[in-house]
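Residue-level structure breakdown
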Amino acid sequence: MTETPRAPMKQRLLRSDAVRFMAPLVVAILAISLYTNGKNDNFLGGDNLKNILLQVSVLGIIAIGQTLLIAAGQLDLSVATLAALAGVIGATRIKDGGSELWAVILVLLVCALFGLIWGLLVAGLRIPPFILTLGGTSLFASIALRISKSSPVPARERFEWLGRAKLLGIQTPIWFFLIIVVVAALVMRYTRFGRHVYATGSNEEASYLTGIPTARTKVLCFVISSTLAGFAGLVAMARISTGDPRNGSQLALQAIAAVVLGGGTLAGGRGSPIGTFIGVVLLAVVQSALTFNNVQTFWNDAVFGGVLIFAVVVTAIGDLRRRRFGARPLLASLIQRTSKASAEVKT
Amino acid sequence: MTIDALELRGISKSFPGVHALADVSLVVRPGTVHAICGENGAGKSTLIKIATGAQNADSGVIRIDGQEIDHPSRRVMQKLGIRAIFQERQIALDLSVAENVLLDCLPKRFGRVDWRAAKTLASERLQALEIDLDIDAPVRTLSVAQLQMMEIARAVSFEARLIVMDEPTASLSRHELEPLFRVIERLRREGVAVLFISHHLEEVFEIADEITVMRDGSVVAQGLTAEFTPASVAELMFGRIIDSSRVNDRADDQAGKPMLVLKGVSTERLNNVSFSVASGEILAVTGGIGAGVSELARVAAGASLKTSGEVFVVDESRKMQGIRSRRHALRLGLAFLPADRKRQGLLLERTLVDNVVLGQQAVGLHPIFTPSSAAKLAKSLVPAANIKTANIDVVVGTLSGGNQQKAMIGRWMGVKTKIMIFDEPTAGIDIASKFEIYNELRRLANSGVAVLVCSTDFQEVGQVADRVLVMRSGNVIGEIDGPSATERRLLEMEMSK
């Protein structure tokens, strides 16, 4: 029997996430880097590059967990305070004289348990994850404050291997981040679980009726994301040898921003670990470039917001031309009209 | 000379790789019903999207009341009185019937919505069309047929000059056709033009004044209904003679071993339903709206809960396995193809590859998938399911209804499937593609699959099934063998006490 061919390579490439989302980000990263490097050639020096990655390793680990959730059509706002709570629990265990390995295991188990609870509530009772995890955010923040008695908990130097040691000249948090990105990318692309995640996010009802275990998939995503958040919290704590209950309150939103930059959509079904990695690096490069260019720090958040808005607007405009079914956004007809008009002018 | 309600002149449109419309011209006069006939991919949908401003043509002219429209858009066309009822429902599910009927023209008093007036207005409009709906009911609770009547009420309630109905009868049972035709009749008397797209030729001949037949993006014939016969239209549509008799009977007359067994299944809407489907046979369950046919499909597939009774799948060692969940049923080799393909069947925004390999990914015998192995599988599944497409990387949402249904069948060809349950297998699919689907059903059965077809289309049931069960309000009220299940016989059974 004859086989139906694939689309031409060029067409597939143009439609792929790599070209549509990642390539523009890479171009942006290169442009910003080269510009800043022209002013101060330390920017592209090995130390600064490592520093940039080190700065975002905690955010990056959280963002990978968020990528899975967003691809499955879910969301978890509570990962930031869960990470802070993880750091506090870890530091407290050490302060009370426990072994560090047990502290790590305990923290990861506690976080996985919270993820399991979120997942079961979302999948079992169909609670919108946005509201549920918004509640969780406050809950974790309070527990962290209670355990730490509202002040940072010193962890002495015990967690060095988690936060400050070097392997082949590169700090361990960077290794953790990179390994997690690679593993997540492989899992999402090549495994049954990964395909179930995308199917669930694309059309949950259709996936369920096909027989995909959508509930289990969602629960697993929450468990993985929360565990990664806990691990990120431990890394953050180890880097400063302190469990700070107020650490990193912005991380959840930044992680979501990184996922969206990398091609994820909150409607589900899209988003990839590699895209998220590039998104995280872009945020970090922008942040570092601002410092190198002596921009005052209060502009940081504005630039962060600006980059995000710019990226989604550009993506949305790209989507307008592609859409051929479903509701048509307002701008589509305008663009069609102007492009038609310009075509007429040309002929 | 009367002015034409809508005139399309020399409309052409192409999509990348597809020439959707080539130089199509069409005139709809006020107070007439103009039917467009054509098989899937003939360009009907594209044409009406252009007529309603949802898409813009590459070239050609649109005139309304003799006025040329420069920049057609949904908004502009709506203002000019062109209203459309698309197959894709345009409904706010969480609002009430009243709000949906009056969606963009709620009566206001002192700058706020006057709810009392709104309710009166909405119920007047429904009454005028003799549609029996509770105006306070949230729309989510309505049936598909009720939703459609509501949408018609909405379209009609505007100052409509021309109403486009895209397959309005696709989801209606025979009982509900009558009110629809009454409404169309009334519109005609009031001078409203109707552009009626349907693949049911009997309906076309019942209601239309003029017919345009399309094939491959071009108009192949146009004229008064009297100039055509159903047979001539069918021949023009497909370029060949269509046989509307039964599709082939089963290969061997021997009934296979039972594969799917229902014992005393009850839910809120089903009452003590028992039957079994054997391998190699096509069993159809049919009935009118409210019979519970669709609910039965879901329960048998393990997708809806039952209050009592048991659904069994017979496994390799001939043991009866009671199914516990949709996933458990899948594991036992039971596939389910829901009626609402867009919402419940397909990953619309994903490619054909992603959609046809989903069956294998769901079963998940292999924990590892590579994109290249998925493409390889899709390359063979797509032609195996007779899906007509230039390549396997098309987005599924852009395929025709027939091809979408075949994509769902293809999904189950790559895995070991023993039982397939179809809910309305040809909803929204035109005649020629219907036959292709019927042939697919028969091929599946001949390959040893037990096929259960849940359908409210009596004609379809008679054409395809080996055995037919007739249901009424949740009860099985009779059984008849396929060849003698004519539309008329089934109707008698359903009506009888």
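Our subject is the structure listed above.
Residues numbered from 1 in each chain as written. Chains lettered and ligands numbered in written order. Predicted model: local features only at pLDDT ≥ 70, side-chain atom pairs only at ≥ 80, totals over all residues.

Observations regarding the overall build of chain B
Rule in force here: To qualify as a helix, a DSSP run of H or I must reach at least 4 residues; to qualify as a strand, a run of E must reach at least 2; elements of each kind are numbered from the N terminus. In this treatment the radius of gyration is a C-alpha quantity, and the globule benchmark scales as 2.2 Å times the residue count to the 0.38 power. Partly exposed residues are those falling between the two cut-offs: more than 12 but fewer than 20 other C-beta atoms within 10 Å of their own, whereas 20 or more means buried and 12 or fewer means exposed, with C-beta atoms placed from the backbone. Each residue is represented by a C-beta atom placed from its backbone, and any two residues with such atoms within 7 Å are regarded as in contact.
A tally of regular secondary structure across chain B gives 18 helices and 22 strands. What you see for chain B is a C-alpha radius of gyration of 24 Å, in line with the 23 Å of a compact globule of 497 residues. When each of the 497 residues of chain B is scored for burial, the buried share is 51%. Look at the contacts in chain B between residues 6 or more apart in sequence, and 69% of them connect residues 24 or more apart.

Topic: the overall build of chain A
The helix and strand inventory of chain A stands at 15 helices and four strands. In terms of overall dimensions, chain A is globule-like: its C-alpha atoms have a radius of gyration of 22 Å, near the 20 Å expected for 347 residues. If one aligns the C-alpha atoms of chain A with their principal axes, the spans along those axes are about 80 × 55 × 40 Å. For chain A, with 347 residues in total, the buried portion stands at 46%. Counted over contacts in chain A with a minimum sequence separation of 6, partners at least 24 positions apart contribute 78%.

Section: the interface of chain A and chain B
Inclusion rule: Think of it as three bins: nonpolar holds Ala, Val, Leu, Ile, Met, Phe, Trp, Tyr, Cys and Pro, charged holds Asp, Glu, Lys and Arg, and polar takes everything else, Gly as well.
At the interface, 31 residues of chain A touch 40 residues of chain B. Mapped by element, the contributors of at least two residues to the side of chain A that touches chain B are helix H9 (192-202), helix H10 (204-210) and helix H15 (330-346) of chain A. Counted by class, the side of chain A that touches chain B contains 11 nonpolar, 11 polar and nine charged residues.

Focus: the packing of helix H3 (residues 46-71) of chain A against helix H12 (residues 251-261) of chain A
All names here are of chain A. Applicable threshold: Lines fitted to C-alpha atoms define the axes, with helix axes restricted to the stretch in contact, and inter-axis angles between N-to-C directions lie between 0 and 180 degrees. Crossings are sorted by hand: turned counterclockwise from the far helix by less than a right angle, the near helix makes the crossing left-handed, and turned clockwise it makes it right-handed.
Contact geometry of H3 with H12 gives a least axis separation of 8 Å together with a crossing angle of 60°. Of the two possible hands of crossing, H3 and H12 adopt the one that is right-handed. Packed against H3, whose contacting residues are Leu-59, Ile-62, Ala-63, Gln-66, Thr-67 and Ile-70, the element H12 presents Leu-251, Gln-254, Ala-255, Ile-256, Ala-258 and Val-259 at the interface. When grouped by side-chain class, the residues that make up the contact of H3 with H12 number nine nonpolar, three polar and no charged.

Considerations on the sheet that holds strand S19 (residues 419-423) of chain B
Residue and element names in this part refer to chain B. Quick reminder of the rule: At least two bridges found by DSSP between two strands is the condition for calling them paired.
In spatial order, the strands read S18-S19-S20-S15-S21-S22; together these six strands make up an open sheet with mixed pairing. The open sheet has two edge strands, strand S18 (334-337) and strand S22 (475-481), and neither has a second partner. In this sheet, neighbouring strand axes are inclined to one another by 20° on average, regardless of whether the strands run parallel or antiparallel. The pairing of S18 with S19 spans four bridges and is classified as parallel.

Section: the sheet that holds strand S13 (residues 258-266) of chain B
Residue and element names in this part refer to chain B. Taken in spatial order, the four strands make up an open sheet running S14-S13-S16-S17, and their pairing is antiparallel. One side of each edge strand has no neighbouring strand; the edge strands of this open sheet are strand S14 (273-278) and strand S17 (320-322). Between one strand axis and the next, the sheet turns by 20° as a mean value, whatever way the strands run. The pairing of S13 with strand S16 (residues 308-314) spans five bridges and is antiparallel. Looking across to S16, one finds that Leu-262 is bridged to Val-311. Lying on the sheet, helix H9 (residues 293-300) is in contact with S13, S14 and S16; it crosses S13 at an angle near 115°.

A closer look at the environment of A:Pro5
Residue position: A:Pro5 is located in the segment before helix H1 (9-15). Placed 96 residues apart in sequence, A:Pro5 and A:Leu101 show a C-alpha to C-alpha distance of 53 Å.

Side note on unusual backbone geometry
Residue and element names in this part refer to chain A. With a phi close to 55°, Arg-126 is a non-glycine residue in the positive phi region. Residue placement: Arg-126 occurs in the loop between helix H5 (100-125) and helix H6 (129-148). One non-glycine residue, Lys-149, lies in the positive phi region at around 50°. Structurally, Lys-149 is set in the loop between H6 and strand S1 (153-154).

A word on the environment of B:Glu281
Structurally, B:Glu281 can be placed in the loop between S14 and strand S15 (282-287). Separated by 197 residues in the primary sequence, B:Glu281 and B:Ala84 place their C-alpha atoms 41 Å from one another.

Section: helix H13 (residues 273-292) of chain A
The periodicity of an α-helix, 3.6 residues per turn, causes residues three or four positions apart to be oriented the same way. Residues and elements named next belong to chain A. As a reminder of what qualifies: Expected helix span is taken as 1.5 Å per residue step, with the number of steps being one fewer than the number of residues.
With 20 residues, H13 extends 28 Å between its outermost C-alpha atoms, agreeing within 8% with the 28 Å of an ideal straight helix rising 1.5 Å per residue. For H13, the buried fraction is high: 15 of the 20 residues fall into the buried class. Trailing H13 by a residue or two, Asn-294 shows a phi angle of about 55°, which is positive.

Remarks on helix H14 (residues 371-384) of chain B
The terminal C-alpha atoms of H14(B), which comprises 14 residues, lie 20 Å apart, in line with the 20 Å expected from a rise of 1.5 Å per residue. All of the buried residues along H14(B) are B:Ala374, B:Leu377, B:Ala378, B:Leu381 and B:Val382.

Read these as spatial facts, not as claims about activity.
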